[in-house]
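Below are the chains, spelled out letter by letter.
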Amino acid sequence: MTLTARFAGLQDRHGPLTMGQANMARCVRRDPPEHMNFLAIKWLPRRATRDDVVRATELLLARHEGLRTTWEERGQHAHGSGELAIAVHETDGSPADLAQQAGERLRAERFDLEGEFPLRMALVCRQGAPRLAVFVLPHTAVDAISLAQVLQEWERLLLGAEIPAKPPVQPIDLAEQEHTPESRKRADATIRHWREGLGRAPQTMFPIAFDTEHALLPRLRVRSATAAAALERATRRTGASRSIIVMAAFGALLGLRTGQPACLLASLSSNRTRPALRGHIGPLAQDALIVADLRAATFDELVRRFRVAALSGYQHSRFDSDRLWNTIDTLDEERGTRYARDCVYNDMSLQAASTGEPPPEQEAELDWLEPASLPANLSLWVNRLDESELELLLWVSPRALARAEAERFSRGLIRLLVEAGEHIVDLADLRKLTDVTPAAYGPGWVRSEGSWVRPAAVRELVESAVPGCRARVVVNDDTTLTCHLTGTDLAQEELRRLCRSGLAARADAIVPHTFVTPAPPPR
């Protein structure tokens, strides 16, 4: 059985895509649907009826063009009339179990952006009464913040509560604003920010490859009331926000663990600083590039560096994804590297809701959760960040940090924050303070182009990319790499092109700076 939510008589509009929509369309069309489709399940009030569900959905669709939009060539079509089917499932058992199953089925199918509205719904009933509503939306329609707004607004509509009469900025309106001369200047500045930042950063923090499509990462939940109180004191002393101090601590331990003198982070930015965009329903969140020099004497100095880096990163976090990736590809081609988004920082604390849990009693309370999908080596999500509690979620690739090392890293992070609340921490004491052990880079490693590289991996890269050749890699005094080749007479640029294509699977390699091949035989 299905219910039908209908809308009609609205303005039928055509326009360009926003930067956020275009960015996420690349991913929605390419990445596994489980990564790119949001699933949300809401319990319904006892008095809610099926008619209430339909009415709330119709009002929601009428208010937000982005939920009744299909893609066109180089743009979008906000439909003025249409309908949305809501599948109805009846159960005598657990409504929650059936809702989860129905949601997973809806999420598992890739959205047809050209032929399908970006909203799928189901209703789970018990003895005929609606008990749970299931929502699935693609990342082209919402990000995490606007998803929360959609659910809150739908619930208010369901209850008949008042909502603001004027809808927020619609995606087509935002897209037109993004094409003004002033916006284009900001877009140019964003490209320059990314090119400059990546030009002085390692290609990856952990020189190990990771699964970009099917990664299921163990998650370590970390709670601390002690660190929350310490953050308040550190904030007063440094003038930095709690979030920046946590980011700086994360960066400090990343540098200690990986032996990197610079920290490369992708930090998710909500891009909702303008009041007009705070209620916008659409994928505004994009990466802010954070690159900070870790060679500081004290933690307070490092906090100042991250504060500057984050401010610049967040100011340059709205971009044309095609143009940005062309810039990244060009830079990687010049350097012989491959940018890997392997360490991520995501502050979700503004959306924190009370869980009713008692406060943690230990300095650091750790709990392992079920693995979840996230392509990265190490990610830190800040779920709660207030005066009473700090709650973090560390997503960990076992190849980057084994279970015991991840626990040590998390406790060390809390210990650093606690100490930073008491006094200025000397970073020379960081290892002793946190008990985080640096990765062992033996004689088989060298730093080149700002990255940790294994010459043996470079040789394997070349021999794999150029079948039939034999390679010998030499590290020069300036840490550039020269590759001596036999068995091929290909030109330098062709050799570099072939090698670049194999970098995705070899994070511990870069393309040699120079190739030396035997002179061709005389004619």
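Scroll up for the structure.
It should be emphasised that the depicted structure is a prediction, and the values quoted were computed from it without experimental measurement. (Residues numbered from 1 in each chain as written. Predicted model: local features only at pLDDT ≥ 70, side-chain atom pairs only at ≥ 80, totals over all residues. Heavy atoms only, no water.)

Comments concerning the overall build of the chain
Test applied: A run of DSSP states H or I qualifies as a helix once it reaches four residues; a run of E qualifies as a strand once it reaches two. Both are numbered from the N-terminal end. A radius of gyration in this sense is built from C-alpha atoms; the matching globule rule multiplies 2.2 Å by the number of residues raised to 0.38. Buried means the residue's accessible area, taken with a 1.4 Å probe over protein chains only, is under 20% of the maximum for its type, while exposed means over 50%, and partly exposed covers the values in between. Working rule for contacts: check all heavy atoms of both residues, and any pair within 4.5 Å makes them a contact. In this tally, Lys and Arg are treated as positive and Asp and Glu as negative; His is ignored, and so are the chain termini. For the purpose of locating charges, the reference atoms are NZ of Lys, CZ of Arg, CG of Asp and CD of Glu.
Check the secondary structure of the chain and you find 15 helices and 20 strands. Since a compact globule built from 523 residues should have a radius of gyration of about 24 Å, the 26 Å found for the chain is in line with a globular shape. Summarising its shape, the C-alpha atoms of the chain cover approximately 80 × 65 × 50 Å along the three principal directions. For the chain, the proportion of its 523 residues judged to be buried stands at 53%. Long-range pairs, those at least 24 residues apart, make up 77% of the contacts in the chain with a sequence separation of at least 6. Taken together, the 65 basic and 69 acidic charged side chains of the chain have centroids lying 2 Å from each other.

Some remarks on the side chain of Asn271
Stated formally: Polar contact is the term for a pair of N or O atoms within 3.5 Å; when the atoms are in protein, one must be able to donate a hydrogen and the other to accept it, and sequence-neighboring residues count only if both atoms are side-chain atoms.
Among the structural elements, Asn271 can be located in the loop between β10 (262–269) and β11 (286–293). The class of Asn271 is buried, set by a relative accessible area of 9%. Among the polar contacts made by the side chain of Asn271, one reaches the side chain of Ser269 at a distance of 3.3 Å. Of note is the side chain of Asn271, whose polar atom sits 2.8 Å from the backbone oxygen of Leu284.

Quick word on the sheet that holds strand β19 (residues 481–486)
This is how the line gets drawn: Pairs of strands are assigned from DSSP output, requiring at least two bridges between the strands. Axis lines are fitted through C-alpha atoms, for helices just across the contact stretch, and the angle between N-to-C directions can take any value from 0 to 180 degrees.
Spatial strand order, β18-β19-β20: 3 strands in an open sheet with mixed pairing. Only two strands of the sheet have a single partner each, and these edge strands are β18 (470–475) and β20 (514–516). Sheet twist, expressed as the average angle between the axes of neighbouring strands with direction ignored, equals 25°. Sheet strands in contact with helix α14 (residues 455–465) are β18, β19 and β20, and its direction is about 150° off that of β18. Helix α15 (residues 492–500) contacts β19 and β20 of the sheet and is inclined by roughly 115° relative to β20.

Details of the nonpolar core
Test applied: Side-chain atoms within 4.5 Å are what join buried Ala, Val, Leu, Ile, Met, Phe, Trp, Tyr and Cys residues into a set we call a nonpolar core.
Counting residues in each nonpolar core, the largest one holds 73 residues, and the members touching the most others are Val246, Leu265, Phe299, Phe306, Leu378 and Leu390. Here this core gets 11 residues from one element, more than from any other, and that element is helix α9 (residues 242–258). Other than its neighbours up to four places away in sequence, Leu378 contacts Phe206, Phe250, Leu254, Asp342, Cys343, Val344, Leu394, Trp395, Val396, Leu401 and Phe409. One finds Met121, Phe135, Leu147 and Leu157 within the second-largest nonpolar core, a separate group that totals 33 residues.

Concerning the packing of aromatic side chains
Here is the rule we go by: Ring pairs are drawn from Phe, Tyr and Trp, using the six-membered ring of Trp, whenever the two centres fall within 6.5 Å, and their geometry is named by plane angle: stacked under 30 degrees, edge-to-face over 60, tilted for the rest.
Counted by the stated rule, this structure contains 9 aromatic pairs. Aromatic side chains Trp194 and Phe319 sit 5.7 Å apart centroid to centroid with 75° between the ring planes, which places their arrangement in the edge-to-face category. On the criterion of sequence distance, the pair formed by Trp194 in helix α7 (residues 181–199) and Phe319 in the loop between α10 (299–315) and α11 (321–335) is long-range, its members being 125 residues apart. Phe319 shares its class with Trp194; the two are buried.

Topic: the sheet that holds strand β6 (residues 82–91)
On the basis of which strands lie adjacent, the open sheet formed by 5 strands has the order β1-β6-β7-β8-β3 and mixed pairing. With one partner strand each, in any of the chains shown, β1 (2–7) and β3 (37–43) form the two edges of the open sheet. For this sheet the average axis-to-axis angle between neighbouring strands, irrespective of direction, equals 20°. Lying on the sheet, helix α3 (residues 50–63) is in contact with β1, β6, β7 (120–126) and β8 (129–138); it crosses β1 at an angle near 35°. Of the strands in this sheet, β3, β7 and β8 touch helix α5 (residues 144–158), which is tilted by about 30° from β3.

Some thoughts on the pairing of β19
In the case of a regular strand, side chains alternate between the two sheet surfaces. The cut-off we apply is this: Think of it like this: strands point away, you trace from the first strand over the helix to the second, and a clockwise trace means the crossover is right-handed.
As paired elements, β18 and β19 share 6 bridges and run antiparallel to each other. Of the residues in β19, the one forming a bridge with Ala471 is Leu485. With antiparallel pairing between neighbouring strands as the criterion, β18 and β19 make up a hairpin whose turn holds 5 residues, including Thr479 at a positive phi of roughly 70°. Note that β19 and β20 share 3 bridges and pair parallel. Following the sheet pairing, Cys483 is matched in β20 by Phe515. Following the chain from β19 across α15 to the adjacent parallel β20, one finds a crossover that is right-handed.

In short, geometric facts, not functional conclusions.
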